[in-house]
Amino acid sequence: MSTTTSTRAIRIHAPGGPEALSLDTVSLAEPGPGEILVRQAFSGVNFVDIYHRTGLYGQPALPAGLGVEGAGTVERVGPGVAGLREGDRIAYAGLPAGSYAGHRLLPAERAIRLPDGIGFDVAAAVLVRGLTAHMLFERVRPLRPGDTVLIQAAAGGVGVIATQWARRRGATVIGTVGDARKAEVAKAHGADHVILYRETDFVAAVREITGGRGADMAIDGVGGDTLLRTFDAMAPYGLVASLGQVGGSLPTIDVGELGPARSIALARPSVLRHYLPDPAIYPRAAAEVLAEVEAGLRPLIGAVYPLAEAAEAHRALEAGRTSGSVLLEV
């Protein structure tokens, strides 16, 4: 006999501001072939959720759920699912969105079993950000000992993880932050040099720190003018990875901005669209991220909100009031 599960879920019925987030009661069918029903503990809040909410990144249909990572317990298993059973502790990352919910149906291939020593909160705080670092430093531009990496917004969720990842591979990390409190966060997580970008010209500072050479790699999730100015902080043959646009729309860039005068490269990689959907990459990379956590990688959980306060979590993230990862306790 089939049953349904009633659960609370944050959804959008139309694109908009934080007020567009609606706390709905929805009914979930039994998990179908290849699916599991997850009783969630925590959901990660990421900037991509804001892009989904505003309509910058479209959803397949409305109303739509939000959230691309979470952690919890397998409650039921659908037909044909192997390797998972009721009671297993799991985390996941990637599309389809829908982690802002008490329960959700999830393709079983998304589920990554959690080691006993990693809590649900840590898993939800680290997986997307850790996979982003894995993509950047293992695939986009593998790090070499002695490299210098410039990380914009080094006290943010990705910044905290990327700083540690780069340092563990022998790189020197220069981080930019907006205020003294965030500078302490960046230093506590391993940044060798921290620049208060509102007080100091970060391009000049990077040049001074590197003896005029510039950075070998830069990670920029800010966009706008910051992305363009980052070009001037690069060493010849350096690579700038553009991840987002929290500080402004992405500029139109003439190829001539990259070279030959600068001789640099620009990458615009997507962890959600190409890295995580790859069945050959995702499980291996996720396991390596969790192994890094077991070996000492520390996500910073900067704020935890109840599910019903998802709108406030979005406001805090958009306003730059948070450090590290933001979670919803669901």
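Residues numbered from 1 in each chain as written. Predicted model: local features only at pLDDT ≥ 70, side-chain atom pairs only at ≥ 80, totals over all residues. Heavy atoms only, no water.

### Structural notes on the sheet that holds strand β1 (residues 5–12)
Sheet architecture is open: three strands sit in the order β2-β1-β4, paired in antiparallel fashion. Every interior strand has two partners, whereas the edge strands, β2 (21–28) and β4 (64–65), have only one. As defined by bridge partners, β1 adjoins β4 across two bridges and the pair is classed as antiparallel. The residue of β4 that forms the bridge with Ile12 is Ala64. (Pairing = 2+ DSSP bridges. Helix = DSSP H or I, 4+ residues; strand = E, 2+ residues; numbered from the N terminus.)

### Remarks on the pattern of salt bridges
Any two side chains of opposite charge can pair, on the condition that their charged atoms come close. Applying the stated rule across the entire model yields 19 salt bridges. Note that Asp88 and Arg113 form a salt bridge whose closest N and O atoms lie 3.5 Å from each other. Residue Asp88 is found in the loop between β5 (69–77) and β6 (89–93), and its partner Arg113 is found in strand β8 (residues 112–113); the two are separated by 25 residues along the sequence. The exposure class of Asp88 is buried, given its relative accessible area of 7%. Measuring nitrogen to oxygen at the nearest pair gives 2.7 Å for the salt bridge that ties Asp216 to Arg213. For Asp216, a relative accessible area of 8% corresponds to the buried category. (Salt bridge = Lys/Arg side-chain N within 4 Å of Asp/Glu carboxyl O. Buried < 20%, exposed > 50% of the residue type's maximum accessible area, 1.4 Å probe, protein only.)

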